[in-house]
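A structural walkthrough
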Amino acid sequence: MSVAVEVRGAAKTFPASPAPVHAFGPLDLDVAAGSFVAIVGPSGCGKSTLLLMIAGLLDGSAGEIRVGGRPVRGPLTEIGIVFQSHVLVDWRDVLGNVLLQADLRGIPRAALEPRARELLRSVGLDGFATRRPYELSGGMQQRTAFCRALVHDPPLVLMDEPLGALDAMTREQLRSDLERLWMRTGKTVILVTHGIEEAVQLADRVVVISPRPGRIVREIEVPLPRPRTLEVCEQAEFHALVGEIRRLFASYGVV
Amino acid sequence: MAWSERLRRRAPGLLWAPGFLVLWEAIVRLLEVPLYIVPPPSAVLWQLWRNLPRIAHYTLVTGGETLGGFLIAVAAGVPLALAVAFSPFLRQTFYPAAVTLEMVPKIAFAPLFVTWFGFGYLPKLIIVFLVCFFPILLNGILAFSSLPLELRRLCASTGATALRMFWHVRLPAALPQLFVGFKGAAVNATVGATIAEWIGGDAGLGYYIQIATGDLRMDLAFAIIMVLALLGLALFGAVALVERLLLPWHVSQRLPPTTA
Ligand SMILES: Nc1ncnc2c1ncn2[C@@H]1O[C@H](COP(=O)(O)OP(=O)(O)OP(=O)(O)O)[C@@H](O)[C@H]1O
Ligand SMILES: [Mg+2]
């Protein structure tokens, strides 16, 4: 199950002092149902803000956002979010943090526990189910938050740099897990990332955003075959796409 | 940690008290300090023993006021803190009033309460309640209004009802700061009860200490002070114990690193 996301003329200006901050927009974005879109852009260009607006957690200053054809008015609940700071709670262990989804939604724990354990296993945390977040490394905390965003099988998944604090090896592993999961379940995924390679490796389409106030400077289709194995990522076409995005960034003086 | 290792670590803390008492006894005896100025510990212990029935009875009186006032303050302070944290109206009206009242030394009301309510149990209970109520209320308001934004957003994205969110997120997140208030209140409670009895009581350790000092029976006074100290420690220790059991996950409760 999946839903389409349509962003029409959305913009956000924060009424901050001494001067209001124009974070991004107006911009248009279409994410087809079941597709995987990555958003890349320099720090502070409004990526997190846009994601929060899509989730209905933050009001925009202009424009309209539709999810599954319905305009977003308040917080969406048929959704899984990985926040930029992973917000785990110290009074619950790893499994308990993942099952916070069940408790907050009023779903019996038993109904979600098998899936929670399966997800934890898939990200290599099966031996850590009873550990508290403060006993984990930063990357392990992020993987826990990742599981919590997926455990209730939401049709739309928003991820704000979920692989940011991971080492190269785990990151590689998680990328392929994420791709496999996505290919199997056909969810709509919007991934915000700083990693250009990561975006090209995972996404059907990469949306490149300019420095603040963020606007879409280019949308790049990634026609590479799936699964995007290491061999695929060594192809000239992969490097050409990465190079194109990097040059865009350079033209803004970012890289 | 092994038992012997534990003992070795605690030893300095356990040894200073007997050492201090021996030193005190020696100095008082050597300098022949009169009993009505500073009594030796042996005399204090003797008085404690001789007056044990009365001291035990008064300990129950003072302990009852202390515990009673404390518990009523918890029962009233926590829900009220919750109400203030979530009601913009109460935040604008009640909260500033509470902060102002917090500045008033509550003990100044004690003579007034004696006039209104007599020498019995009630005025002491009110004083203890007052000195406990404000730390609990103010820390409670802080506790319930400082949930991190992204945690609130996570809850919103699950469509959680207010009750579920309170039970699974708000309450556990608030507990550490709530206990800051409880511990502050526990410290205030014994002080409040003692002084309230002192100012206008016909029973209790505060009342007894006034009689003892009035008769220049410093050995008895010291014995009562000792019991009061134990009473205060007991209440504080009980609160700290509940905190330890309830919040093993909190930063302040985690085992110290082995290198420390
Ligand atoms: N609550 C707020 N009040 C005022 N300004 C804000 C607020 N939140 C974000 N901003 C501003 O909006 C801009 C965009 O913020 P946002 O968090 O969306 O950036 P981002 O693209 O996610 O950056 P990063 O990659 O560093 O996470 C920033 O310049 C920031 O200063
Ligand atoms: Mg961000």
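Look a little higher up for the structure.
Anyway, here's the lowdown on the structure attached to this text. (Residues numbered from 1 in each chain as written. Chains lettered and ligands numbered in written order. Predicted model: local features only at pLDDT ≥ 70, side-chain atom pairs only at ≥ 80, totals over all residues. Heavy atoms only, no water.)

1. Focus: the site of ligand 1
Residues and elements named next belong to chain A.
- Lining the immediate environment of ligand 1, one finds 14 residues, of which Ser43, Gly44, Lys47, Ser48 and Thr49 sit closest.
- Within the side chain of Gln84, a nitrogen or oxygen atom sits 2.8 Å from an oxygen atom of ligand 1.
- Coverage of ligand 1 by the protein chains reaches 66% of its 640 Å² of free accessible surface.
- Sorting the residues of the shell around ligand 1 by element identifies strand E2 (21-31) and helix H1 (47-54) as the ones contributing at least two each.
- Per-element tally for the shell around ligand 1: the top contributor is H1, with 3 residues.
- Grouping the constituent residues of the shell around ligand 1 by class yields 4 nonpolar, 7 polar and 3 charged. (Near = heavy atom within 4 Å. Polar contact = N/O pair within 3.5 Å; in protein donor to acceptor, adjacent residues only side chain to side chain. Areas by Shrake-Rupley, 256 points an atom, 1.4 Å probe, with all protein chains shown as cover. Helix = DSSP H or I, 4+ residues; strand = E, 2+ residues; numbered from the N terminus. Nonpolar A, V, L, I, M, F, W, Y, C, P; charged D, E, K, R; others polar.)

2. What to know about the interface of chain B and chain A
- With 20 residues of chain B in contact, the opposing surface of chain A contributes 25 residues.
- Buried surface at the junction of chain B and chain A, both sides included, amounts to about 2000 Å², of which 67% is carbon and sulfur.
- At the junction of chain B with chain A, the criterion picks out 0 salt bridges.
- One can count 5 residue pairs in polar contact (both at pLDDT 80 or more) joining chain B with chain A.
- Of all the secondary-structure elements, those providing two or more residues to the side of chain B that touches chain A are helix H7 (149-157) and helix H8 (162-200) of chain B.
- Among the elements that take part in the side of chain B that touches chain A, H7(B) stands out by supplying 7 residues, more than any other.
- Along the lines of polarity and charge, the residues of the side of chain B that touches chain A split into 11 nonpolar, 5 polar and 4 charged. (Contact = heavy atoms within 4.5 Å. Buried area = accessible area lost by both parts, 1.4 Å probe. Salt bridge = Lys/Arg side-chain N within 4 Å of Asp/Glu carboxyl O.)

3. What to know about the sheet that holds strand E8 (residues 188-193) of chain A
Residue and element names in this part refer to chain A.
- One open sheet holds the 6 strands; their spatial order is E6-E7-E8-E3-E9-E10, and the pairing between them is mixed. Unpaired on one side and paired on the other, strand E6 (80-82) and strand E10 (216-221) mark the two borders of the sheet. Strand after strand, the sheet turns through a mean of 15° between neighbouring axes, direction not considered.
- The strands that H1 touches are strand E3 (36-40), strand E7 (156-160) and E8; relative to E7, the one it contacts most, it runs at about 155°. (Pairing = 2+ DSSP bridges. Axes fitted to C-alpha atoms, helices over the stretch in contact; angles between N-to-C directions.)

4. Notes on the coordination of the magnesium ion (ligand 2)
All names here are of chain A.
- All of the protein donors around the magnesium ion (ligand 2) are Ser48 (OG) and Gln84 (OE1); their distances to the metal are 1.9 to 2.2 Å. Of this pair, Ser48 sits in helix H1 while Gln84 is found in the loop between E6 and helix H2 (94-98), placing the two residues 36 residues apart along the sequence.
- Note on Gln84: relative accessible area 39%, which makes it partly exposed. (Donors = N, O, S within 2.8 Å, 3.2 Å for Na, K, Ca; no water. Buried < 20%, exposed > 50% of the residue type's maximum accessible area, 1.4 Å probe, protein only.)

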